[in-house]
Amino acid sequence: MRRRHFPFVLLGFLAVSMVPAFALEQPKGPVILTIKGNVSQPNRAGEADFDLAMLEALPGRSGRMETPWVKGTVAYSGPLLREVLKAAGASGRVLVVRALNDYKADVPVSDAETLETILATRQDGKLMPVRDKGPLMLVYPFDLDTKLFTEKYFARSVWQIREIEVLP
Ligand SMILES: Nc1nc2c(c(=O)[nH]1)N[C@H]1C(S)=C(S)[C@@H](COP(=O)(O)O)O[C@H]1N2
Ligand SMILES: [Mo]
């Protein structure tokens with residue numbers, strides 16, 4: 001490189017390195033989930049917004065289970081909660097999971113790390129309308145561990161989820 005070009009090349013590098021590293025893509029469809037609080041991969045002013053396609057692209061699971069709120073067994077599928085938190089770069093100890101109505105529940109982050117909890121987007125393969133507990137529901141793996149079938153976990157099974165705040 002010729003000497004007189006150097007300052008401009010340096011400026012170029014500086015400009016590029018000052019662009020914030022937004023690792024999370026921008027949602028293309030309607031935003032159905034916002035993760036706020038302690039997130040290191042925001043895609044909008046300190047918050048991580050997700051549309052349905054972004055959530056369904058993450059590693060997930062499907063489980064057929066009995067629940068207190070639907071007759072018979074149903075299959076819930078969706079991304080693992082821990083994968084959603086990872087995509088947002090969320091770190092902390094408590095998740096305040098807030099619904100479209102004013103229901104909220106405090107969920108320990110350990111429920112995402114040690115249990116196969118999912119943010120269910122589908123019930124029996126179909127998207128869940130808001131009137132039917134959608135668009136997102138926190139579903140515990142009741143099919144894998146019957147000990148979870150208690151009021152403690154039912155109360156954390158927030159449906160119509162809109163927002164998760166990550167607290168230290
Ligand atoms: N969005 C939303 N999710 C919710 C609730 C609620 O009122 N709104 N109630 C919680 C509680 S306290 C329990 S025990 C379970 C089951 O509630 P149900 O008895 O009303 O079916 O859902 C949980 N998830
Ligand atoms: Mo409850």
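Residues numbered from 1 in each chain as written. Chains lettered and ligands numbered in written order. Predicted model: local features only at pLDDT ≥ 70, side-chain atom pairs only at ≥ 80, totals over all residues. Heavy atoms only, no water.

## Focus on the overall build of the protein
And then number 1: Scanning the protein for helices and strands turns up 5 helices and 11 strands.
And then number 2: For the protein, the residues scored as buried account for 41% of the 168 residues in total.
And then number 3: Put simply, 60% of the contacts in the protein that link residues at least 6 apart link residues at least 24 apart.
And then number 4: With an accessible surface of roughly 9,500 Å², the protein has 58% of that area assigned to carbon and sulfur atoms. (Helix = DSSP H or I, 4+ residues; strand = E, 2+ residues; numbered from the N terminus. Buried < 20%, exposed > 50% of the residue type's maximum accessible area, 1.4 Å probe, protein only. Contact = heavy atoms within 4.5 Å. Areas by Shrake-Rupley, 256 points an atom, 1.4 Å probe, with all protein chains shown as cover.)

## What about the side chain of Arg156?
And then number 1: In this fold, Arg156 is placed in helix α5 (residues 151-156).
And then number 2: Residues within four places of Arg156 in sequence aside, it is in contact with Ala105, Asp106, Val107, Pro108, Asp111, Leu138 and Tyr140.

## Brief notes about the pattern of salt bridges
And then number 1: One pass over the structure, following the stated rule, counts 13 salt bridges.
And then number 2: Of the charged contacts in the structure, one is a salt bridge between Glu163 and Arg98, with a shortest N-O distance of 2.6 Å. Taken together, the residues Glu163 in strand β11 (residues 161-167) and Arg98 in strand β5 (residues 94-99) connect sequence positions 65 residues apart.
And then number 3: What emerges from the salt-bridge pattern is a single network uniting Lys36, Arg98, Glu163 and Glu165. (Salt bridge = Lys/Arg side-chain N within 4 Å of Asp/Glu carboxyl O.)

## A closer look at the site of ligand 1
And then number 1: Taken together, Trp69, Ala99, Asn101, Tyr103, Glu151, Phe154, Ala155, Ser157, Val158 and Trp159 are the residues near ligand 1.
And then number 2: Within the backbone of Ser157, one N or O atom sits 2.9 Å away from a nitrogen atom of ligand 1.
And then number 3: Here Trp159 contributes a backbone N or O atom positioned 2.8 Å from a nitrogen atom of ligand 1.
And then number 4: In isolation ligand 1 exposes 520 Å². Once the protein is present, 66% of that is buried.
And then number 5: Among the elements that take part in the shell around ligand 1, α5 stands out by supplying 3 residues, more than any other. (Near = heavy atom within 4 Å. Polar contact = N/O pair within 3.5 Å; in protein donor to acceptor, adjacent residues only side chain to side chain.)

## Let's talk about the pairing of strand β3 (residues 60-67)
When a strand is regular, its side chains alternate between the sheet's two faces.
And then number 1: Residues Arg61, Gly63, Met65 and Thr67 of β3 are buried on one face, while the alternating residues Gly60, Ser62, Arg64 and Glu66, pointing to the opposite face, are not.
And then number 2: In the sheet, β3 pairs with strand β4 (residues 70-79) via 8 bridges, with the strands oriented antiparallel. Considered in β4, the bridge of Met65 is made with Val74.
And then number 3: What sits between β3 and β4 in their antiparallel hairpin is a turn of 2 residues. (Pairing = 2+ DSSP bridges.)

Shape descriptors only; they carry no functional weight alone.
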